Amino acid sequence: MSVLVTGANGQLGLCLQAISANFKSIVKFKTSSELDVTNIEALTEYFKTEQPKYCINCAAYTNVEAAEEETKKANEVNYLAVRNLAQLCKQYNCVLIHISTDYVFNGQKQTPYLETDTTQPINVYGLSKLNGEKAIQTSGCHHFIIRTSWLYSQYNKNFFNFVKSQIEAKTEEITITTEQIGTPTNANDLAEFICYLVNSESKKYGLYHFSNEGELTWYDFSLKIKQLYNSDIKITPIENFKTIAKRPPYSVLSKDKLKQNFRGFYLKKWDESLADLIKKIG
């Protein structure tokens, strides 16, 4: 049984590569240059030749700010390419594991979002990801859509690496927003869950929320990073942090459905997972 991982050079793809030995299947990692998900001819040829049993789609356009102007590009990667992948998975009896986002919600709720809650994206990125979800759901393919939030890891650009770099550079002060409440998610934990799904060959298909446990602001997250690195960097909270794209003020995801259906998987608390990562990478 072979497994295709698209977008292998993204942070989740790199986390999956780091645990590739844990898969019971042959996993083939394809970067965007090796297999462009927006190229339907290349995708079709790959599925026809390799006939993977699982496709883990880590390819995504994730620049929330730039998406407001690069609408076509965000739509091509997050919607049209996903639609093509889903149709190919249906045709070749392949299970699609797709990563989506908390930004499909408008953030007006005050309690954790359920999978059944009404979606209402307030930025281009969120809309493109929601359209991708809908394309999968109407394709008829077996699938797991996993919405996650505030993804970080030791790889590539993310909030954790930004704060870490400022600490290492001995920057005197950084300013972090208090406007958003959500949950940081260690991409290594998400990779472990995806591996768990593939190895168990679960048939409990559908839409799931995955993040670490707890809720906090970006400011709270930065303070914990500072504490764990024993840094004296000054972190100043700011409420009105101006951005091009609107962000949901509250986007905590409920994991009740996931915990009920996958009792064998342990969800870490956000601070526990952060501490584990820092201990691992230093």
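Residues numbered from 1 in each chain as written. Predicted model: local features only at pLDDT ≥ 70, side-chain atom pairs only at ≥ 80, totals over all residues. Heavy atoms only, no water.

### Digging into the packing of aromatic side chains
On inspection of all chains with the given rule, the structure shows 21 aromatic pairs. Taken together through their ring pairs, the aromatic side chains of Phe-144, Phe-193, Tyr-196, Tyr-205, Tyr-208, Phe-210, Phe-262 and Phe-265 make up a single cluster. Residue placement shows Arg-83 over the ring face of Tyr-79; its charged tip is 5.8 Å from the ring centre. Across from the ring centre of Tyr-208, 4.6 Å away, lies the NZ or CZ of Lys-257, which sits over that ring. (Phe/Tyr/Trp six-rings, centres within 6.5 Å; stacked < 30°, edge-to-face > 60°. Lys NZ or Arg CZ within 6 Å of the ring centre and 35° of its normal.)

### Structural notes on the sheet that holds strand S4 (residues 95–101)
Spatial ordering of the open sheet is given by S2-S1-S3-S4-S5-S10, a layout of six strands whose pairing is parallel. At either end of the open sheet lies a strand with only one pairing partner, and these are strand S2 (26–30) and strand S10 (206–209). Strand-to-strand twist in this sheet, taken as the mean axis angle between neighbours without regard to direction, amounts to 20°. When strand S1 (residues 2–6) meets S2, the two strands line up parallel, connected through five bridges. Within S2, the position partnered with Ser-2 by the bridge is Ile-26. Across the face of the sheet, helix H4 (residues 71–91) comes into contact with strand S3 (54–57) and S4 while running at roughly 170° to S3. (Pairing = 2+ DSSP bridges. Helix = DSSP H or I, 4+ residues; strand = E, 2+ residues; numbered from the N terminus. Axes fitted to C-alpha atoms, helices over the stretch in contact; angles between N-to-C directions. Contact = heavy atoms within 4.5 Å.)

### Some details on the pattern of salt bridges
Pairs can form between side chains of opposite charge once their charged atoms are near each other. Taken as a whole and assessed by the stated rule, the structure comprises nine salt bridges. When the shortest N-O distance is used, the salt bridge between Asp-189 and Lys-268 registers 3.9 Å. In this pair, Asp-189 is assigned in helix H7 (residues 187–200) and Lys-268 in the loop between helix H9 (256–261) and helix H10 (270–281), connecting sequence segments 79 residues apart. Take Lys-268: its relative accessible area is 22%, and that puts it in the partly exposed class. (Salt bridge = Lys/Arg side-chain N within 4 Å of Asp/Glu carboxyl O. Buried < 20%, exposed > 50% of the residue type's maximum accessible area, 1.4 Å probe, protein only.)

### Digging into the pairing of S2
Here S2 shows a clear split, with Val-27 and Phe-29 buried on one side and none of Ile-26, Lys-28 and Lys-30 buried on the other. A crossover links S1 with its parallel partner S2, the connecting element being helix H1 (residues 11–18), and its sense is right-handed. (Right-handed = clockwise from strand over helix to strand, strands pointing away.)

### Re H7
Here H7 contains 14 residues, and its C-alpha end-to-end distance of 20 Å stays within 8% of the 20 Å for a straight helix at 1.5 Å per residue. With eleven of 14 residues buried, H7 is to be regarded as a mostly interior element. Within H7 the residues assigned to the buried category are Ala-187, Asn-188, Asp-189, Leu-190, Ala-191, Phe-193, Ile-194, Cys-195, Leu-197, Val-198 and Asn-199. Phi turns positive, to about 50°, at Glu-201, one or two residues after H7. (Expected span 1.5 Å × (residues − 1).)

### Some thoughts on the nonpolar core
Core analysis: the largest hydrophobic core is formed by 32 residues, its most contacted members being Leu-12, Leu-16, Ile-56, Ile-146 and Ile-194. Listing elements by their share of this core, those giving two or more residues are S1, H1, S2, S3, S4, strand S5 (143–148) and H7. Residue contributions to this core peak at eight residues, all from H7. Leu-4, Val-37, Ile-136 and Cys-141 belong to the second-largest nonpolar core, a separate cluster that totals 21 residues. (Core = buried A, V, L, I, M, F, W, Y, C linked by side-chain atoms within 4.5 Å.)

### Details of helix H6 (residues 159–168)
A turn of α-helix holds 3.6 residues, and therefore any two residues three or four places apart point the same way. For H6, the buried fraction is high: seven of the ten residues fall into the buried class. The secondary structure elements touched by the buried residues of H6 are strand S6 (151–152), strand S7 (173–177), helix H8 (218–228) and H10. Lys-170 lies just past H6 and shows a positive phi near 55°.

### A short note on the environment of Phe-221
By the secondary structure assignment, Phe-221 is in helix H8. Beyond its immediate chain neighbours, meaning those up to four positions away, Phe-221 contacts Tyr-152, Phe-159, Pro-184, Leu-216, Trp-270 and Leu-274.

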